[in-house]
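# Breakdown of the fold
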Amino acid sequence: MTRTQQDAAPFVPESRKLPELAAAAGSCRGCGLYRNATQTVFGAGPAEARMLMVGEQPGDAEDRAGAPFVGPAGRLLDRALEESGIDRGQVYVTNAVKHFKYVRAERGKRRLHKKPSRTEIVACRPWLYAELDATGPELLVFLGATAAQSVLGTSFKITEQRGKLLDPPDGLGRRPVRLVATVHPSSVLRAPDRDRAYRAFLADLRTAAAALK
Ligand code: URA
């Protein structure tokens, strides 16, 4: 497969029923990441969700579990969602890239997260758009630059735009949608001042919660 051929679109069915999309995504070969991953990690949550939240890609725990945000970043996200008054059960949670990309640690068996390339992000985007069509959310929340830039382009800067309620580019989704971008929860876990980073993350999620009131 050459670089220019990387594209999930031929694998995305016409259906906009989430179970059918998830089943088809299970055999996506739109880029090379399926080869080393355990499984596709499709989005999870109700089809009628008002909020759709996008992360980067599944991590080690998600790759094993087959569900998004169930590892350490997911636990931090769960806590922040609860504290900002957002019921995760009402949110459709997904990732810009649906397979875990990693490198093996030099010693030991650990699998270390590797950032997906722009080609892989763009190749996987038809799945995210299909999820957007299937759920028709009122608010899109991007967790980190990979997620935001997947839809908004590489000139989008989280540092400048985080926590603002934004209008989308034309033609996004099947009904009017607004956007909030914030940092990725993993960056909060890695921050030198974790409390401060967490409070800023919470403030952004509270903006998202308020947008749906
Ligand atoms: N990080 C992500 O971006 N997504 C997950 O599902 C887990 C960790």
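Overview of the structure. (Residues numbered from 1 in each chain as written. Predicted model: local features only at pLDDT ≥ 70, side-chain atom pairs only at ≥ 80, totals over all residues. Heavy atoms only, no water.)

Time to look at the overall build of the protein. In terms of regular secondary structure, the protein is built from eight helices and six strands. Listed N to C, the secondary structure of the protein is α-β-α-α-β-β-β-α-β-α-α-β-α-α in terms of helices and strands. Relative to the compact-globule value of 17 Å for 213 residues, the protein shows a C-alpha radius of gyration of 16 Å, a close match. Projected onto the principal axes, the alpha-carbon positions of the protein cover approximately 45 × 45 × 30 Å. (Helix = DSSP H or I, 4+ residues; strand = E, 2+ residues; numbered from the N terminus. Rg over C-alpha atoms; globule rule 2.2 N^0.38 Å.)

Every residue close to the ligand is listed here: G55, E56, Q57, P58, G59, E62, P68, F69, N95 and H184. The backbone of E56 places a nitrogen or oxygen atom 2.7 Å from an oxygen atom of the ligand. A distance of 3.0 Å is found between a nitrogen atom of the ligand and a backbone nitrogen or oxygen belonging to Q57. Here the ligand loses 93% of its free accessible area of 230 Å² to cover by the protein chains. (Near = heavy atom within 4 Å. Polar contact = N/O pair within 3.5 Å; in protein donor to acceptor, adjacent residues only side chain to side chain. Areas by Shrake-Rupley, 256 points an atom, 1.4 Å probe, with all protein chains shown as cover.)

Right, let's talk about the nonpolar core for a bit. M51, M53, W127, L140, F142 and F201 are the most contacted members of the largest nonpolar core, which has 63 residues in total. Those residues in contact with M53 that lie beyond four places of it in its chain are L77, L81, V91, Y92, V93, T94, V141, L143 and L205. (Core = buried A, V, L, I, M, F, W, Y, C linked by side-chain atoms within 4.5 Å. Buried < 20%, exposed > 50% of the residue type's maximum accessible area, 1.4 Å probe, protein only. Contact = heavy atoms within 4.5 Å.)

Further remarks concern the sheet that holds strand β5 (residues 139-143). Spatial strand order, β2-β1-β5-β6: four strands in an open sheet with parallel pairing. Every other strand in the sheet has two partners, leaving β2 (91-95) and β6 (178-182) as the edge strands with one partner each. Taken pair by pair, the neighbouring strands of this sheet meet at an average axis angle of 20°, ignoring direction. Bridge count for β5 against β6 is five bridges, and the pairing is parallel. In the sheet register, L140 faces β6, and the bridge partner there is L179. Each of β1 (51-55), β2 and β5 is contacted by helix α4 (residues 118-135), which is oriented at about 165° to β1, the strand it contacts most. Against the sheet, helix α8 (residues 194-211) contacts β1, β5 and β6, and its axis sits at roughly 170° relative to β6. (Pairing = 2+ DSSP bridges. Axes fitted to C-alpha atoms, helices over the stretch in contact; angles between N-to-C directions.)

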